[in-house]
Amino acid sequence: IAVKPFDLTSPQVLLSKENGGSKHFVAWLDGNQLKLTMAAETYNFGTIAMGFHLFHFVIEKTASTTNVKFYNDGNLIGDHNFQGVGAAQQFYTGLIDEVVFYNKLLELPAIQLQNSLGTDPASSDISSNFSINEGQDTIISDYGEAMTGN
């Protein structure tokens, strides 16, 4: 996701997903601390500076845990195993400029290249791409392979 924190003194939700009325997934800033909450567990990935950032989450789910690797501007800043994470829902909200879902795990050089050049919407590695133009319109739709419009 591409984001621009505008205030490092108060909480800001970057990306969230609810599941049955409770927060299932929340990437947020608590002041200048980047945090991720999954199920009832919160992990602090560290300090984030003011300005635009390109964040990548790599989420790998096994039978008992969900491992999340978090990249900031192409650099791995941490990974954490979350316990008891259930099935995901389809809708995200938050302070986001772009959300891209890939159909494969990206290696670090590919993440760093995307950070410097931006997202190539024609890439065959993208399954869905939501380019959210801040301040314009209120509806987003995907142009991934499935073309679901969600």
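Residues numbered from 1 in each chain as written. Predicted model: local features only at pLDDT ≥ 70, side-chain atom pairs only at ≥ 80, totals over all residues. Heavy atoms only, no water.

**Description of the pairing of strand β5 (residues 41-47)**
Sheet topology note: the strand β4 (residues 33-38)/β5 ladder contains six bridges and is antiparallel. Paired with Gln33 across the strands is Thr47, a residue of β5. Connecting β4 to the next strand, β5, in antiparallel fashion are two residues, including Ala39 with a positive phi near 55 degrees. (Pairing = 2+ DSSP bridges. Helix = DSSP H or I, 4+ residues; strand = E, 2+ residues; numbered from the N terminus.)

**Quick look at unusual backbone geometry**
Positioned with a positive phi, Asp73 is a non-glycine residue whose angle comes to about 50 degrees. Asp73 sits in the partly exposed class, given a relative accessible area of 25%. (Buried < 20%, exposed > 50% of the residue type's maximum accessible area, 1.4 Å probe, protein only.)

**A look at the environment of Lys69**
Positionally, Lys69 belongs in strand β7 (residues 65-72). Residue class for Lys69 comes out partly exposed when judged on its relative accessible area of 30%. Note: C-alpha distance between Lys69 and Asn81 (12 residues apart in sequence) is 8.9 Å. Sequence-distant contacts of Lys69, that is, excluding residues within four places in its chain, are made with His56, Phe57, Val58, Leu76, Gly78 and Asp79. (Contact = heavy atoms within 4.5 Å.)

**Some words on the pattern of salt bridges**
Counted under the stated rule, the structure contains two salt bridges. Residue Asp30 pairs with Lys35 through a salt bridge whose shortest N-O separation is 3.0 Å. Of the residues examined, Lys35 reaches a relative accessible area of 17% and is grouped as buried. A salt bridge links Asp125 to Lys104, with the shortest nitrogen-to-oxygen separation between them at 3.7 Å. Of the two residues, Asp125 sits in the loop between α1 (108-117) and β10 (126-131) while Lys104 sits in the loop between β9 (98-102) and α1, which places them 21 residues apart along the sequence. The exposure class of Asp125 is partly exposed, given its relative accessible area of 22%. (Salt bridge = Lys/Arg side-chain N within 4 Å of Asp/Glu carboxyl O.)

**Notes on the confidence of the model for the protein**
The predicted model of the protein has a mean per-residue pLDDT of 75, with 73% of residues at 70 or higher. The secondary-structure element of the protein with the lowest mean pLDDT is strand β1 (residues 2-3), recorded at 68, while β5 shows the highest, at 91. (pLDDT = per-residue confidence, 0-100.)

**So, the environment of Gln112**
Within the element layout of this structure, Gln112 appears in helix α1. According to the relative accessible area criterion, Gln112 is partly exposed, its value standing at 33%. Put simply, Gln112 and Leu76 are 36 residues apart on the chain and 10.0 Å apart in space, counted from C-alpha to C-alpha. Aside from chain neighbours lying at most four places away, what touches Gln112 is Gly74 and Asn75. Within the structure, Gln112 has its side chain in polar contact with the backbone oxygen of Gly74 (distance 3.3 Å). (Polar contact = N/O pair within 3.5 Å; in protein donor to acceptor, adjacent residues only side chain to side chain.)

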